[in-house]
Amino acid sequence: MHRVALIAFALGVAWTTAHRAPPGEVEAPEDVVPLTSLRATVAGPENVRPRHTASWVSPPGHRRSAHGSALCALPSGDLLAVWYGGTREGAADVALFTARRAAGTDHWTAPRLAVDRISAQDELERSIKKIGNAVVFPDASGTLWMIYVTVSMGGWSGSALNVKTSPDEGRTWTASRRLTLNPFLNLSTLVRNKPIHASDGRIGLPVYHEMALKFPQMLWLTPGPGGGVGDYRMRNLAAETGLIQPTLVALGDDRVLMMLRDRRPDRRMHTAYSEDNGWTWSEAVPSDLPNPDSALDALRLADGRILMVYNHAHRGRENLRIAVSGDGGRRWVAGPVLESAAGREFSYPSLAEDHGGRIHVTYTWQRERIKHVEFNLAWLDRPMTVATTAQE
Amino acid sequence: MSTALYTLVLVALLWLVLMWLGARLRPQGCPRVLNLAFGVVAALLLFVPVDGLRMANWVFGFCPNPSLPLIGVVCAGIWQRLGGLTVLRLADWTAAWIFGAVAGSALYLHPMVLGSLDLYFWGWDRAGAAWGLAALAIMFLAAGNRFGVLLLAALIGFACHALESSNAWDYAIDPIFWFVSMGALAWRAVHRHRERRGRVAPAAG
């Protein structure tokens, strides 16, 4: 008799759980859209003359080492940058800092501590050994999200992701929440680049796995009613290994381009395409461009072209270049060189387009500081930059 | 379940494990006062901060989603050792170890063999996962195997979002349960092999 009761109970629990499950939770999004609040104009009057300026996000001597910046254009028009700084990459004193550049101004505020090892440990109620990459982005409601890496054991392959949200564009943050994304002790999920936004509110964040096999993944986040994470799920991509730090560009008509950092001996930037808004992906194929095992970033300009910032080399991160594609990422035209110096490092670019159509790049400058470069399309399209196809 | 409540459950579980270990180490017929003192010390140990964190938080940090079957077999083992009651019978233990070995191997090893098959993803399909867990639990329950109760607990835990994870797999299996299951089955196999050899040896001699 009690056996029958237990079976009936199991059926009841399963029926209730299944009944409460939201429809379409494991289906591809219908459309990927740019956030209305962030849509840029193609060319304002201020963009007719070439404009190019450079400034510093992190002040001199702020921390001995600075790396991994991520830039975000906020709905208010401000820019917000986040990066990690400390004695050196992976040190226990590394913390995440944010700085803001208010709309209409040309200077960055002093760095503000967003999270360090101790605060992360307190908020997550577990041991945290070190802090790594972070990304910031707004959702459709204007809530700002920060997703960042922490490690409790081992190296970067032991990473896990955490979320903080902000109702006031990064001035205050909620406590961190851990995301469980991997079945094996939740180890080895990392993040580097910004997400795409589905029309149903879901956020498609490109992430990657590094333990044993290295491969890209898509993390789909559903915002909750009160802001923050309502639900989430992760999808592994095709069985491609050795490719990490995916960068996404929504191309329209359900197409999304993915560009990948190459950790294999080939050292070539790889590309893959999705025809269903980032849900399933083609096999990644090598492009004509080299990749020295380094991060890159790209965005779709208001005029439809794709702009990419990357290290144009098979080895070393001694130059940082721009390339532009007018055919959805199949062929690239070489653009201006942002930095180039033998024996130095310029890396981990992060791109954003502001409301006025100006392009902003932040990047690691010699592992010491975070630099910011701003330019407009008139500067990008100066006659000298209309050059040959980017070749190795 | 809130992290604070969840940590409390883990503290209780760890305390039981310490009590079990203590019971195995202490000599038979130990005075009751000593038993009580051991219980208090074991409880206090769990709250001693190490590098600013309680021992329970350290365990929680490294194993953030202990599966319900793992918690169940630990509790059953402790209960049987300390209370002398048979909670799980031999067939139930066997079912637990076989489930742990099969489910764990499938979940953790399939990316190396079938890279495009993403088993973990389907654990986020709430409807499918709930019916899957229910089907497994019912299968064991219908056969009169008590391991079905632990799978039913996993289903209830999943329905209530009792763990940090929202993926059904984490309610049914975890790496520790997998390792223990593989170990238990291997130990049994070795034991059986030795027994067989022991039986054959005298005849051969």
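Here the structure is shown first, and the text comes after it.
This structure is a prediction, so every number in the text was calculated from the model and none was measured.

Colleague: I would appreciate a short explanation of the overall build of chain A in the present structure.
Modeller: When helices and strands are tallied, chain A shows 3 helices and 25 strands. Whereas a compact globule of 392 residues would reach a radius of gyration of roughly 21 Å, chain A reaches 21 Å, a difference of no more than 12%. With the C-alpha coordinates of chain A rotated into their principal frame, the extents come out at 85 × 45 × 45 Å. Counting the 392 residues in chain A, one finds 60% classified as buried. If you take every contact in chain A between residues at least 6 apart in sequence, the share linking residues at least 24 apart comes to 52%. Summed over its atoms, the accessible surface of chain A is roughly 14900 Å², and 53% of this surface lies on carbon and sulfur atoms.

Colleague: Hey, could you run me through the layout of surface pockets in this one?
Modeller: Which parts of space are left empty comes out when a probe the size of a water molecule is rolled across the atoms. Here the second largest pocket defines a volume of roughly 440 Å³. Contributing to the lining of the second largest pocket are 24 residues, with N182, F184 and H209 of chain A together with Y108 and P111 of chain B lying nearest its centre. Elements with a minimum of two residues in the lining of the second largest pocket: β13 (215-223) and β14 (229-236) of chain A together with α5 (90-113) of chain B. At 6 residues, the largest contribution of residues to the lining of the second largest pocket is made by α5 of chain B.

Colleague: Where do I start with the sheet that holds strand β18 (residues 285-290) of chain A in this structure?
Modeller: Whether parallel or antiparallel, the strands of a sheet pair through hydrogen bonds between backbone atoms. Residue and element names in this part refer to chain A. Pairing is antiparallel across the open sheet formed by 4 strands, whose spatial order is β15-β16-β17-β18. With partners counted over all chains shown, the strands left at the sheet margins are β15 (243-252) and β18, one partner each. Pairs of neighbouring strands in the sheet enclose a mean axial angle of 30°, with direction left out of account. With 3 bridges joining them, strand β17 (residues 268-274) and β18 adopt antiparallel strand pairing. Following the sheet pairing, R268 is matched in β18 by P290.

Colleague: Can you walk me through the sheet that holds strand β22 (residues 333-340) of chain A in this structure?
Modeller: Residue and element names in this part refer to chain A. Judged by pairing direction, the sheet is antiparallel, and its 4 strands sit side by side in the order β19-β20-β21-β22 without closing on themselves. Only two strands of the sheet have a single neighbouring strand rather than two, namely β19 (297-300) and β22. Looking at each pair of strands side by side, their axes are set apart by 15° on average, direction ignored. Where β19 lies against strand β20 (residues 306-310), 4 bridges are found, and the strand directions are antiparallel. The partner of D297 across the bridge, within β20, is V309.

Colleague: Would you take a moment to explain helix α3 (residues 55-62) of chain B for this structure?
Modeller: Owing to its 3.6 residues per turn, the α-helix aligns residues three or four sequence positions apart on the same side. Along α3 of chain B, the positions that sit buried rather than exposed are A56, N57, F60 and G61 of chain B. An end-on view of α3 of chain B places all buried positions within 140° of arc, on one side of the element.

Colleague: For this particular structure, what's the right way to read helix α2 (residues 117-124) of chain A?
Modeller: All names here are of chain A. Taken together, the buried positions of α2 are occupied by R117, A120, Q121 and L124. Each buried residue of α2 lies within a common arc of 100° when the element is viewed along its axis, so the set occupies one face. Remark: E125 follows α2 within two positions and exhibits a positive phi of approximately 55°.

Colleague: Hey, could you run me through the interface of chain B and chain A in this one?
Modeller: You'll often see interface size given as the accessible area lost when the parts meet. Taken residue by residue, the interface counts 48 residues in chain B and 39 residues in chain A. When the two sides are added together, the surface that chain B and chain A hide from each other amounts to roughly 3800 Å², 68% of it contributed by carbon and sulfur. Together, F62, F121 and W124 of chain B form the three largest contributors to the area buried by chain B at its contact with chain A, with a combined 17%. Scanning the region where chain B abuts chain A turns up 1 salt bridge. Among the salt bridges present, the one from E164 of chain B reaches R126 of chain A, with a minimum N-O distance of 2.4 Å. Taken together, the connections running from chain B to chain A amount to 9 residue pairs in polar contact (both at pLDDT 80 or more). At the level of secondary structure, the elements contributing two or more residues to the side of chain B that touches chain A comprise α1 (3-25), β2 (53-54), α3, α5, α6 (119-122), α7 (126-142), α8 (147-160) and α10 (175-204) of chain B. Looking at the side of chain B that touches chain A element by element, the count peaks at 8 residues for α7 of chain B.

Rules and cut-offs
- Chains are numbered independently. Their residues run from 1 in the order of the written sequence.
- Following the order in which they are written, the chains are lettered starting with A and the ligands numbered starting with 1.
- In view of the model being predicted, local features appear only for residues whose pLDDT reaches at least 70, and side-chain atom pairs are presented and counted only at 80 or more, with totals across whole chains, interfaces and linings using the full set of residues.
- Hydrogens and water molecules were not included; the side-chain quantities draw on all heavy atoms of the structure.
- The helix count covers DSSP runs of H or I at least four residues long, the strand count covers runs of E at least two residues long, and both are numbered beginning at the N terminus.
- Our radius of gyration looks at C-alpha atoms and nothing else; its globule reference is 2.2 Å times the residue count to the power 0.38.
- Exposure is judged per residue with a 1.4 Å probe applied to protein chains only, and the accessible area is read against the type maximum: over 50% gives exposed, under 20% gives buried, and values in between give partly exposed.
- Contact criterion: two residues are considered in contact whenever any of their non-hydrogen atoms come within 4.5 Å of each other.
- Surface accessibility in these figures is a Shrake-Rupley result with a 1.4 Å probe; residues are shielded only by whichever protein chains are displayed.
- A 1.4 Å probe that fits but cannot get out identifies a cavity on a 1 Å grid over protein atoms alone, an open set with protein on both sides within 12 Å along at least five of seven lines counts as a pocket, and a residue lines either if it has an atom within 4 Å of a point.
- Grid points are joined across faces, edges and corners, and a volume is the space filled by probe spheres set on the points.
- Only strands joined by at least two bridges in the DSSP assignment are considered to pair.
- Fitting a line to C-alpha atoms yields each axis, with helices limited to the stretch in contact; the angle taken between N-to-C directions then spans 0 to 180 degrees.
- Taken from the helix axis, the directions to the C-beta atoms give the arc we talk about.
- Here the quantity called buried area is the accessible surface, traced with a 1.4 Å probe, that two parts lose on coming together, added over both.
- Salt bridges are defined by distance alone: a side-chain nitrogen of Lys or Arg within 4 Å of a carboxyl oxygen of Asp or Glu.
- Identification of polar contacts relies on pairs of N or O atoms within 3.5 Å, with a donor-acceptor requirement for protein atoms, meaning one able to donate a hydrogen and the other able to accept it, and with residues adjacent in sequence counted only if both atoms are side-chain atoms.

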